[in-house]
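Secondary and tertiary structure notes
Listed below are the residues making up each chain.
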Amino acid sequence: MRIAIASDHAAIDLKAALAAWLRDAGHDVADLGPDSGASVDYPDYGYKLAAAIADGSAERGIALCGSGIGISIAVNRNPAARCALVSEPVSATLAREHNDANVIAMGARLIGVEMAKACVTAFLETEFGGDRHQRRVDKLTAPAL
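In this text, all values refer to a predicted model and were calculated from it rather than measured experimentally. (Residues numbered from 1 in each chain as written. Predicted model: local features only at pLDDT ≥ 70, side-chain atom pairs only at ≥ 80, totals over all residues. Heavy atoms only, no water.)

The full count for this structure, using the stated rule, is five salt bridges. Across the salt bridge formed by R96 and D100, the nearest N and O atoms sit 2.9 Å from each other. Note on accessibility: R96 and D100 belong to one class, buried. A cluster of three or more residues bridged by salt bridges with shared partners is formed by R82, R96 and D100. (Salt bridge = Lys/Arg side-chain N within 4 Å of Asp/Glu carboxyl O. Buried < 20%, exposed > 50% of the residue type's maximum accessible area, 1.4 Å probe, protein only.)

Further remarks concern the nonpolar core. The biggest cluster of nonpolar side chains holds 24 residues, and the ones touching the most others in it are L18, I62, L64, M106 and V120. Broken down by element, this core gets its largest block of residues, six residues, from helix α5 (residues 113–125). Ignoring anything within four residues of it in the chain, the contact list for L18 reads I5, I62, L64, M106, A116, K117 and V120. Of all hydrophobic cores here, the second largest spans 18 residues; its members include A6, A50, C65 and A105. (Core = buried A, V, L, I, M, F, W, Y, C linked by side-chain atoms within 4.5 Å. Helix = DSSP H or I, 4+ residues; strand = E, 2+ residues; numbered from the N terminus. Contact = heavy atoms within 4.5 Å.)

Counting buried positions over the six residues of strand β1 (residues 2–7) gives five, a clear majority of the element. Of the pairings in the sheet, the one linking β1 to strand β3 (residues 60–65) comprises five bridges and is parallel in character. The residue bridging A6 from the neighbouring strand is A63, located in β3. (Pairing = 2+ DSSP bridges.)

Looking now at the sheet that holds β1. Spatial ordering of the open sheet is given by β2-β1-β3-β5-β4, a layout of five strands whose pairing is parallel. Because the sheet does not close on itself, it has two edges, and the strands there are β2 (28–31) and β4 (83–85). Ignoring strand direction, the axes of neighbouring strands in this sheet form an average angle of 20 degrees. Pairing of β3 with strand β5 (residues 103–107), which is carried by five bridges, proceeds in the parallel orientation. For I62, the partnering residue across the bridge sits in β5 and is I104. Running over the sheet, helix α1 (residues 12–24) touches β1, β2, β3 and β5 and is turned about 165 degrees from β1. Against the sheet, α5 engages β1, β3 and β5, with an angle of about 170 degrees to β5. (Axes fitted to C-alpha atoms, helices over the stretch in contact; angles between N-to-C directions.)

With 13 residues, α5 should cover 18 Å at 1.5 Å per step; its first-to-last C-alpha distance of 18 Å lies within 8% of that length. Inspection of α5 places A116, K117, C119, V120, A122, F123 and L124 among the buried residues, and these make up the whole buried set. Contacts made by the buried residues of α5 are with β1, α1, β3, α4 (89–99) and β5. (Expected span 1.5 Å × (residues − 1).)

So, about the packing of aromatic side chains. Applying the stated rule across the entire model yields zero aromatic pairs. One Lys or Arg, R60, reaches over the ring of F123 and ends 5.1 Å from the middle of that ring. (Phe/Tyr/Trp six-rings, centres within 6.5 Å; stacked < 30°, edge-to-face > 60°. Lys NZ or Arg CZ within 6 Å of the ring centre and 35° of its normal.)

Turning our eyes to something else, we now look at a nonpolar patch on the surface. Together, I69, I73 and L85 give the surface a local cluster of nonpolar side chains, amounting to about 270 Å² of exposed area. With respect to the helices and strands, I73 occurs in helix α3 (residues 69–75). (Patch = residues over 30% accessible without salt bridge, like charges linked within 9 Å, V, L, I, M, F, W, Y side chains within 5 Å. Areas by Shrake-Rupley, 256 points an atom, 1.4 Å probe, with all protein chains shown as cover.)

Right, let's talk about the environment of P34 for a bit. Note on placement: P34 falls in the loop between β2 and α2 (42–54). Remark: the alpha-carbon pair of P34 and K15, spanning 19 residues in sequence, is separated by 9.4 Å. The contact partners of P34, leaving out residues within four places of it in the chain, are S7, D8, H9, I12, K15, V40 and Y45.

If you want it as structure tokens, here you go:
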């Protein structure tokens, strides 16, 4: 699978660990930065990740920052992205099954590497449930205000 991953400075170590683990599992991983622990602004990297989803260069995305909150808000500014903040595998599974999430966000200050891997595994292995959920996902993409 083509997976884009991005973070801010607070999550650079988690990003590196997940990117290496995903590559070892045979995935095509695009690391969208940053490349160092120097302070950066999470919206810049959230927008880059959302653009990769929107233009089709990535099928799924992983967004990381200190809490996961800020970067998830940034990713969700792009209508093509459906980013869910997750903290354990059940929320990652439901994000895919019910919401057809194409990006998950996690907080590096709140989650360990092994739990993050468990969330990513659930996210990548779960299919969208379709059926009654499709109507709701359609409304996320094109809200009738």
